[in-house]
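Below are the chains, spelled out letter by letter.
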Amino acid sequence: MMKDWNIHIPDLPPEGEEIVLNVPPDKMRQRIGEDEPLTPVENLTGVLRVEPGRKGEIMVRGRVETRLSASCDRCLKAFSLPVGEDVTIIYRPAEDQEDLEELEAEDLNEAFYSGEDIDLWPVIAEHLVLGLPIKALCREDCPGLCPKCGRDLSESACQCEIEAGRPEFGALSAIRDKLPEK
Ligand SMILES: [Zn+2]
Ligand SMILES: [Zn+2]
């Protein structure tokens, strides 16, 4: 029986099986490490196809999605950020079970397991972290805050903009104005 992000290998049928994820934020929070900037506010959802391969390999393929609480890098407002990542990973059996911690996967699409169970959470968490944007924006064209008066420009414009034009740009457009037209 597949439950949440755990695979119990003896229960895996030869043709494989699908895991339908629907995990509440609370349950994710119990597993999120201190160095993982994940703040889920909605269920983790997704479908993962799990198939046994050769030599004890277990293939996992699918997609995971959730929403995280974030604050906009431009206007600082809190919003919920959708994060979704495709997951494709091959779990290989660790030959020496003692060394599981020391085994370094060659790439992101590879991991190791020992025993009869695979805990998918570390790989899911890794993918969610990778899916985080470099800049979190509440919306693509968020105008942000006025650097001068601090007003939220998505709510209303301020008067600063006219005078606050950067001097070098002002100088440049002054020169451009003087150039003869082609
Ligand atoms: Zn914003
Ligand atoms: Zn302003």
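Residues numbered from 1 in each chain as written. Chains lettered and ligands numbered in written order. Predicted model: local features only at pLDDT ≥ 70, side-chain atom pairs only at ≥ 80, totals over all residues. Heavy atoms only, no water.

All right, on to the coordination of the zinc ion (ligand 2) then. At this site the zinc ion (ligand 2) is bound by Cys-146 (SG), Cys-149 (SG), Cys-158 (SG) and Cys-160 (SG), with donor distances of 2.2 to 2.3 Å. Classification of the site at the zinc ion (ligand 2) rests on its four donor atoms, whose angles at the metal span 106 to 112 degrees, yielding the label tetrahedral. (Donors = N, O, S within 2.8 Å, 3.2 Å for Na, K, Ca; no water. Tetrahedral: all angles 85-135°; square planar, octahedral: opposite > 155°, others 65-115°.)

Next up on the list: the pattern of salt bridges. The full count for this structure, using the stated rule, is nine salt bridges. A salt bridge links Glu-65 to Arg-63, with the shortest nitrogen-to-oxygen separation between them at 2.8 Å. Given a relative accessible area of 34%, Arg-63 falls into the partly exposed group. Connected through shared salt-bridge partners, Glu-57, Arg-92 and Glu-110 make up one network. (Salt bridge = Lys/Arg side-chain N within 4 Å of Asp/Glu carboxyl O. Buried < 20%, exposed > 50% of the residue type's maximum accessible area, 1.4 Å probe, protein only.)

Before going further, it helps to examine the coordination of the zinc ion (ligand 1). Six octahedral donors around a metal ideally subtend angles of 90 or 180 degrees, whereas four tetrahedral donors ideally subtend 109.5 degrees. Looking at the metal site, the zinc ion (ligand 1) is ligated by Cys-72 (SG), Cys-75 (SG), Cys-138 (SG) and Cys-142 (SG), spaced 2.3 to 2.4 Å from it. Around the zinc ion (ligand 1), the four donor atoms sit at angles spanning 106 to 114 degrees, and that spread fits a shape best called tetrahedral. What makes Cys-72 buried here is its relative accessible area of 1%. Note on Cys-138: relative accessible area 29%, which makes it partly exposed.

The description of an aromatic ring pair uses the distance of the two centres, along with the angle that the planes make with each other. For the structure shown, the criterion picks out one aromatic pair. Ring geometry for Trp-5 against Trp-121: centres 4.8 Å apart, planes inclined by 40 degrees, an arrangement best described as tilted. Of this pair, Trp-5 sits in the segment before β1 (6-8) while Trp-121 sits in helix α2 (residues 121-130), and the two are 116 residues apart along the sequence. In this structure, Trp-5 and Trp-121 share a single accessibility class: buried. In this arrangement the basic side chain of Lys-27 is found over the ring face of Trp-5, its NZ or CZ atom lying 5.7 Å from the centre. (Phe/Tyr/Trp six-rings, centres within 6.5 Å; stacked < 30°, edge-to-face > 60°. Helix = DSSP H or I, 4+ residues; strand = E, 2+ residues; numbered from the N terminus. Lys NZ or Arg CZ within 6 Å of the ring centre and 35° of its normal.)

Once that is clear, we can look at the sheet that holds strand β3 (residues 44-52). Strand-to-strand pairing in sheets goes through backbone hydrogen bonds, with the strands running parallel or antiparallel. With mixed pairing, five strands are arranged side by side in an open sheet as β2-β3-β4-β5-β6. Only two strands of the sheet have a single partner each, and these edge strands are β2 (17-23) and β6 (110-113). When the angles between neighbouring strand axes are averaged without regard to direction, this sheet yields 30 degrees. Strand direction decides the pairing type here: strand β5 (residues 78-93) and β6, joined by four bridges, are parallel. In the strand pairing of β6, Pro-93 is matched with Tyr-113. (Pairing = 2+ DSSP bridges. Axes fitted to C-alpha atoms, helices over the stretch in contact; angles between N-to-C directions.)

Tracing the backbone through its elements, the reader meets Thr-66 in strand β4 (residues 58-71). Looking at Thr-66, its side chain comes within polar contact range of the main-chain oxygen of Asn-43, at 3.3 Å. Apart from the residues within four sequence positions on either side, Thr-66 is in contact with Met-28, Pro-40, Glu-42, Asn-43, Leu-44, Leu-81, Pro-82, Val-83 and Leu-128. (Polar contact = N/O pair within 3.5 Å; in protein donor to acceptor, adjacent residues only side chain to side chain. Contact = heavy atoms within 4.5 Å.)

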